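Fold and geometry: a report
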2 protein chains.
Amino acid sequence: MTFNEVDIVGTGNVASHLIRAFNTAGIEVSCVYARDAAKAADAATTVNARSTTIDEVDHDGPLMIVAVSDDAIGQVSSLLPRTRKVVHTSGSAAMDVLRQEQRGVFYPLQTLTRDVTPDWKVIPFCIEASDEELSDALVQLAGQLSDSVQKISSEQRRYLHVAAVIANNFTNHLYAEAADYLKSHDLSLDLLRPLISETARKVQSAEPHQVQTGPAKRHDTQTINEHLELLKNDPGLRDLYVAITERILKSH
Amino acid sequence: MTFNEVDIVGTGNVASHLIRAFNTAGIEVSCVYARDAAKAADAATTVNARSTTIDEVDHDGPLMIVAVSDDAIGQVSSLLPRTRKVVHTSGSAAMDVLRQEQRGVFYPLQTLTRDVTPDWKVIPFCIEASDEELSDALVQLAGQLSDSVQKISSEQRRYLHVAAVIANNFTNHLYAEAADYLKSHDLSLDLLRPLISETARKVQSAEPHQVQTGPAKRHDTQTINEHLELLKNDPGLRDLYVAITERILKSH
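Okay, so let's go over this structure.

About the thresholds
Residues numbered from 1 in each chain as written. Chains lettered and ligands numbered in written order. Predicted model: local features only at pLDDT ≥ 70, side-chain atom pairs only at ≥ 80, totals over all residues. Heavy atoms only, no water. Helix = DSSP H or I, 4+ residues; strand = E, 2+ residues; numbered from the N terminus. Rg over C-alpha atoms; globule rule 2.2 N^0.38 Å. Contact = heavy atoms within 4.5 Å. Lys, Arg positive; Asp, Glu negative; His and termini not counted. Charge placed at Lys NZ, Arg CZ, Asp CG, Glu CD. Buried area = accessible area lost by both parts, 1.4 Å probe. Salt bridge = Lys/Arg side-chain N within 4 Å of Asp/Glu carboxyl O. Least-squares fit on C-alpha atoms with pLDDT ≥ 70 in both. Buried < 20%, exposed > 50% of the residue type's maximum accessible area, 1.4 Å probe, protein only. Polar contact = N/O pair within 3.5 Å; in protein donor to acceptor, adjacent residues only side chain to side chain. Pairing = 2+ DSSP bridges. Axes fitted to C-alpha atoms, helices over the stretch in contact; angles between N-to-C directions. Parallel < 35°, antiparallel > 145°, perpendicular 65-115°, else oblique. Left-handed = near helix turned anticlockwise from the far one by under 90°. Nonpolar A, V, L, I, M, F, W, Y, C, P; charged D, E, K, R; others polar. Core = buried A, V, L, I, M, F, W, Y, C linked by side-chain atoms within 4.5 Å. Phe/Tyr/Trp six-rings, centres within 6.5 Å; stacked < 30°, edge-to-face > 60°.

Our focus in this paragraph is the overall build of chain A. When helices and strands are counted, chain A shows eight helices and eight strands. Computed over the C-alpha atoms, the radius of gyration of chain A is 23 Å, more than 25% above the 18 Å expected from 2.2 N^0.38 for a compact globule of 252 residues. If you take every contact in chain A between residues at least 6 apart in sequence, the share linking residues at least 24 apart comes to 49%. Considering chain A, the positive charge centre built from 24 side chains and the negative charge centre built from 34 side chains are found 3 Å apart.

It is common to report an interface's size as the accessible area lost on association of the parts. Taken together, the 79 residues of chain B in the interface contact 79 residues of chain A. Between chain B and chain A, roughly 7,600 Å² of surface is buried when both sides are summed, and carbon and sulfur atoms account for 67% of that area. It is Phe170(B), Leu191(B) and Arg247(B) that lose the most area in chain B upon contact with chain A, and together they represent 9% of the buried surface on that side. In this assembly, chain B and chain A are joined by four salt bridges. As a salt-bridge pair, Glu177(A) and Arg247(B) come within 2.8 Å of each other at their nearest N and O atoms. Looking at the side of chain B that touches chain A, the elements that each hand over two or more residues are α5 (154–183), α6 (193–202), α7 (221–230) and α8 (235–251) of chain B.

Here the focus is the relation of the copies chain B and chain A. Laying chain B over chain A is done by rotating through 180° and shifting 0.0 Å along the axis; what remains is an RMSD of 0.1 Å. Read as a symmetry element, the transformation amounts to a two-fold axis. Within chain B, the C-alpha atom positioned nearest to the axis of rotation is that of Thr171(B), 2.7 Å from it.

Quick look at the pattern of salt bridges now. All names here are of chain A. By the definition in use, this model includes 24 salt bridges over all chains. One salt bridge connects Glu128 with Arg157, and the closest N-O pair in it is separated by 3.0 Å. Taken together, the residues Glu128 in strand β7 (residues 125–129) and Arg157 in helix α5 (residues 154–184) connect sequence positions 29 residues apart. When its relative accessible area of 12% is taken as the criterion, Glu128 is described as buried. Here the salt bridges share partners, and the residues they tie into one network are Glu132, Asp136 and Lys151.

This part takes up the side chain of Ser90(A). All names here are of chain A. Structurally, Ser90 is set in the loop between β5 (86–88) and β6 (103–108). Under the relative-accessibility criterion, Ser90 is labelled buried at 4%. Within the local environment of Ser90, its side chain forms a polar contact with the backbone nitrogen of Ala93, the two atoms lying 2.9 Å apart. Contact partners of Ser90, with chain neighbours within four places excluded, come to Asp70, Ile73, Val105, Tyr107 and Arg157.

So, on to the sheet that holds strand β4 (residues 63–66) of chain B. All names here are of chain B. Here eight strands make up an open sheet; going across it, the order is β3-β2-β1-β4-β5-β6-β7-β8 and the pairing mixed. Each edge of the open sheet is held by one strand with a lone partner, namely β3 (50–53) and β8 (149–151). Averaged over all adjacent pairs, the angle separating strand axes in this sheet is 25°, with direction ignored. Contacting β1 (5–9), β2 (28–34), β4 and β6 (103–108), helix α1 (residues 13–24) runs over the sheet at an angle of about 165° to β1.

So, on to the packing of α5(A) against α6(B). Running from N to C, α5(A) and α6(B) point in directions that differ by 15°, and their axes come no closer than 10 Å. Classified by the interaxial angle, the pair formed by α5(A) and α6(B) is roughly parallel. The element α5(A) and its partner α6(B) pack so that their crossing is right-handed. Together, Ala164(A), Ala167(A), Asn168(A), Asn172(A) and Tyr175(A) of α5(A) and Leu195(B), Ile196(B), Thr199(B) and Ala200(B) of α6(B) make up the contact between the two elements. Split by residue class, the contact of α5(A) with α6(B) holds six nonpolar, three polar and no charged.

What follows covers the sheet that holds strand β2 (residues 28–34) of chain A. All names here are of chain A. What the eight strands build is an open sheet, ordered β3-β2-β1-β4-β5-β6-β7-β8; its pairing is mixed. Two strands bound the open sheet, and with one partner strand each, they are β3 (50–53) and β8 (149–151). Neighbour-to-neighbour, the strand axes of this sheet turn through a mean angle of 25°, independent of strand direction. In the sheet, β2 pairs with β3 via four bridges, with the strands oriented parallel. Bridged to Ala34 within β3 is Thr53. The strands touched by helix α1 (residues 13–24) are β1 (5–9), β2, β4 (63–66) and β6; relative to β1, the strand with the most contacts, the crossing angle is about 165°. Most of the contacts of α5 go to β7, to which it runs at about 150°, and overall it touches β5, β6, β7 and β8.

Moving on, we get to the nonpolar core. Core analysis: the biggest nonpolar cluster contains 78 residues, and Leu192(A) and Leu192(B) have the highest contact counts within it. Excluding residues that lie within four positions of it along the chain, Leu192(B) makes contacts with Leu109(A), Leu160(A), Ala163(A), Ala164(A), Ala167(A), Ala178(B) and Leu182(B).

With that settled, the discussion passes to the packing of aromatic side chains. Residues and elements named next belong to chain A. Summed over all chains, the structure comprises 10 aromatic pairs over all chains. Between Phe106 and Phe125 the ring centres are 5.0 Å apart and the planes differ by 55°, which places this aromatic pair in the tilted class. Of this pair, Phe106 sits in strand β6 while Phe125 sits in strand β7; the two residues are 19 residues apart in sequence, bridging distant segments of the chain. By the ring-pair criterion, three or more aromatic residues cluster together here, those being Phe22, Phe106, Trp120 and Phe125.

At Asp186(A), a position not held by glycine, the phi torsion is positive, near 60°. Tracing the chain through its elements places Asp186(A) in the loop between α5 and α6 (193–202). The backbone phi angle of Asn48(B) is positive, close to 55°, even though this residue is not glycine. When you line up the elements, Asn48(B) lands in the loop between α2 (37–45) and β3. Look at Asn48(B) and you get exposed, because its relative accessible area is 73%.

Written as structure tokens, this is what we have:
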């Protein structure tokens, strides 16, 4: 089993990016499906694909890639023929949210920004399928887009999602905390933006634990206490400072 | 007052980087001082500068840039003639740690990695001085290295340091937490490295608050509770997850 063409269900951010990526990689996007015919047509036109509404899906055809919001995957799947091979692209939905016998997950682990073409070659793809043959075919398909493809079970994907929240969402929140704190002292986040880049760049080739710096890593209680004093007017942020500092102190 | 040459005190990471940067920018490094004559000679040789030990400093000469560890600045300053213009390069030490009448701060806000030449043009320089004329001259000098130079008082620099710890040290710690958690589930941080890059890249041009994503931002309590369940074997990390999640919930 190999896939030389695919159907895409959805017209959102991930769907649009995948449509373009497959087209660039020479994999034909056969048809784009959506609830809204106009949106489907719009998404399909960029790659000269057919388009139609989701209630007009043939019982036979290529792999269907459902790239819709997590909440909608189950319902969309129930509208698709049981006879089709269907995968979703979600990091958090279980594979078994899909009702088809031959089902799987085709999850690009990246936050995709509209109008910014990602470097697909480095984006990790997490693959899972209801059977070995489909799994291998999905790995082969993802390999046309990316150099980083792994089979990951639904259970592992749950752990991965927790870690992604910590390393991605929580990190962004700390940027926001820093920005607010700077602003309250008439300073701009621009002062820290190069440092933010460099901190993320460093761990691309290093283990984060090995490149940890700062007062907590040095067990520099004098600086830590000075910082707590400087945070006294913002008890919430102060508590967060204490919580993370204690974790660093413990691990170094 | 303009500086066409400088003396450097120190042979560590910041000192070595500054020596090379000044040389590249066409600003002569006149002499490199250190406690250890061999180390001073070694650091000076790359740019054909003179070198000598720190107890042999002339009473007159160019700007002295003291690039030593925070703890050592006061002591080093006390060994230098009171008649010299002296600045330090620290983000956390106050200007008045220096004993010279004409003193200042020349602080490049970046984490410098040995053997990696930084892009000096984008590194913010925080400047402070004991008088306006010296301050202007330091701004002009930093401007030879970087396009991002600002006058920042010692008090502002303290707030800036708190924010840098939050956006840099704490962020790196979250990378380490994610790496440990992944490892305990037989997964590699490699899966998240591209996402880490992208998250830091996004805030280079966006406000962090505006690009926040994830379950806490969506007030998706179902996913949050699933994650807490997945963290039940690691109560410390679970508490941290709760603390940061509560901060995000409050701010969105």
